[in-house]
Amino acid sequence: GNILPYKGLEQLLEAVSKLNYRHSNFELIIAGRCENWETLYEPLIQNKNRVTRIIRHINNDEICGIFSNCHYLVLPYRDATQSGPLMLAYNYHLPVIASNIPAFQEVIENDTSGYLYDRNMPNDLELTLEAAILRSKLEYELLVNRLDNFVSKTFSIPDNTKKYQIMFSELGASKSERL
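Residues numbered from 1 in each chain as written. Predicted model: local features only at pLDDT ≥ 70, side-chain atom pairs only at ≥ 80, totals over all residues. Heavy atoms only, no water.

Caption draft 1: Local environment of the sheet that holds strand S4 (residues 96-99). Pairing in this open sheet of three strands is parallel, and the strands run S3-S4-S5 from one edge to the other. Every other strand in the sheet has two partners, leaving strand S3 (73-75) and strand S5 (114-117) as the edge strands with one partner each. When the angles between neighbouring strand axes are averaged without regard to direction, this sheet yields 10°. Two strands pair when backbone bridges link them, and S4 and S5 are joined in this way by four bridges, in the parallel orientation. The residue bridging Val-96 from the neighbouring strand is Gly-114, located in S5. (Pairing = 2+ DSSP bridges. Helix = DSSP H or I, 4+ residues; strand = E, 2+ residues; numbered from the N terminus. Axes fitted to C-alpha atoms, helices over the stretch in contact; angles between N-to-C directions.)

Encoded structure:
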């Protein structure tokens, strides 16, 4: 995808820069196309060794490798209506750390499929990332198990079929009431 201002990358880079002073056991991978990378985002990276940058179009055949080599997908968005990367993360059993905007509150269950942070609190992203860095291997594995259960229950074909049936029933009832 594209790296655009509404995705809040500068907030993530600021948090990572602060964490860099306290922790050395993490790496951030940024992947996507960005027309103004060199002027807007590159100057915000303090430790170039801690941030892997893949700033170009990402081909479909590269997605699996990128997602499979990560422990979390971080989405510091200011606003969104939906997120393709979030659903990809779920497909690759990858917990998500995301801002608490309504679009993410609908599809992320805190401490089950990932973690929501308050984007209006100045260092909440930093604290959430630090908790992820400090999480033990066992705690992480338990999170991934909860994520897998959440995804299979929430996005299964029977569950979605049932949701559509309810929606169409309600629409039909609403239309009947107006006639």
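Caption draft 2: Summary view of the nonpolar core. Ranked by internal contacts, the top residues of the largest apolar core, which has 49 residues, are Val-96, Ile-97 and Leu-129. The contacts of Val-96, once residues within four sequence positions are left out, are Leu-73, Leu-75, Leu-86, Ala-89, Tyr-90, Ile-108, Ser-113, Gly-114 and Tyr-115. (Core = buried A, V, L, I, M, F, W, Y, C linked by side-chain atoms within 4.5 Å. Buried < 20%, exposed > 50% of the residue type's maximum accessible area, 1.4 Å probe, protein only. Contact = heavy atoms within 4.5 Å.)

Caption draft 3: Inspection of the environment of Arg-78 at higher detail. Its location among the elements puts Arg-78 in the loop between S3 and helix H4 (84-91). It is 8.5 Å that separates the C-alpha atoms of Arg-78 and Pro-5, two residues lying 73 residues apart in sequence.

Caption draft 4: View of the layout of surface pockets. There is about 1200 Å³ of room inside the largest pocket. If you go around the largest pocket, you meet 42 residues; those closest to its centre are Ile-29, Cys-70, Tyr-72, Leu-73 and Val-74. Elements supplying a minimum of two residues to the lining of the largest pocket: helix H1 (9-19), strand S1 (28-32), helix H3 (60-68), S3, H4, helix H6 (124-134) and helix H7 (137-154). Looking at the lining of the largest pocket, the element that brings in the most residues is S1, giving five residues. Looking at the lining of the largest pocket, its residues break down into 29 nonpolar, eight polar and five charged. Computed from the structure, the second largest pocket encloses a volume of approximately 210 Å³. Lining the second largest pocket are Thr-81, Gln-82, Ser-83, Leu-86, Met-87, Ala-103, Phe-104, Glu-106, Val-107 and Phe-155. For the lining of the second largest pocket, the elements supplying multiple residues, two or more each, are H4 and helix H5 (102-105). Residue composition of the lining of the second largest pocket, by class: six nonpolar, three polar and one charged. (1 Å grid on protein atoms, 1.4 Å probe; cavity = no way out; pocket = protein on both sides within 12 Å on 5 of 7 lines; lining within 4 Å. Points joined across faces, edges and corners; volume = space filled by probe spheres on them. Nonpolar A, V, L, I, M, F, W, Y, C, P; charged D, E, K, R; others polar.)

Caption draft 5: Expanded view of the packing of H1 against H6. Interhelical geometry of H1 versus H6 gives an angle of 55° and a closest axis separation of 9 Å. Taken as axis vectors, H1 and H6 run oblique relative to one another. When you trace H1 past H6, the crossing you get is right-handed. Counting all contacts with H1, which are made through Gln-11, Leu-12, Ala-15, Val-16, Lys-18 and Leu-19, the residues of H6 involved are Leu-125, Glu-126, Leu-129, Glu-130 and Ile-133. (Parallel < 35°, antiparallel > 145°, perpendicular 65-115°, else oblique. Left-handed = near helix turned anticlockwise from the far one by under 90°.)

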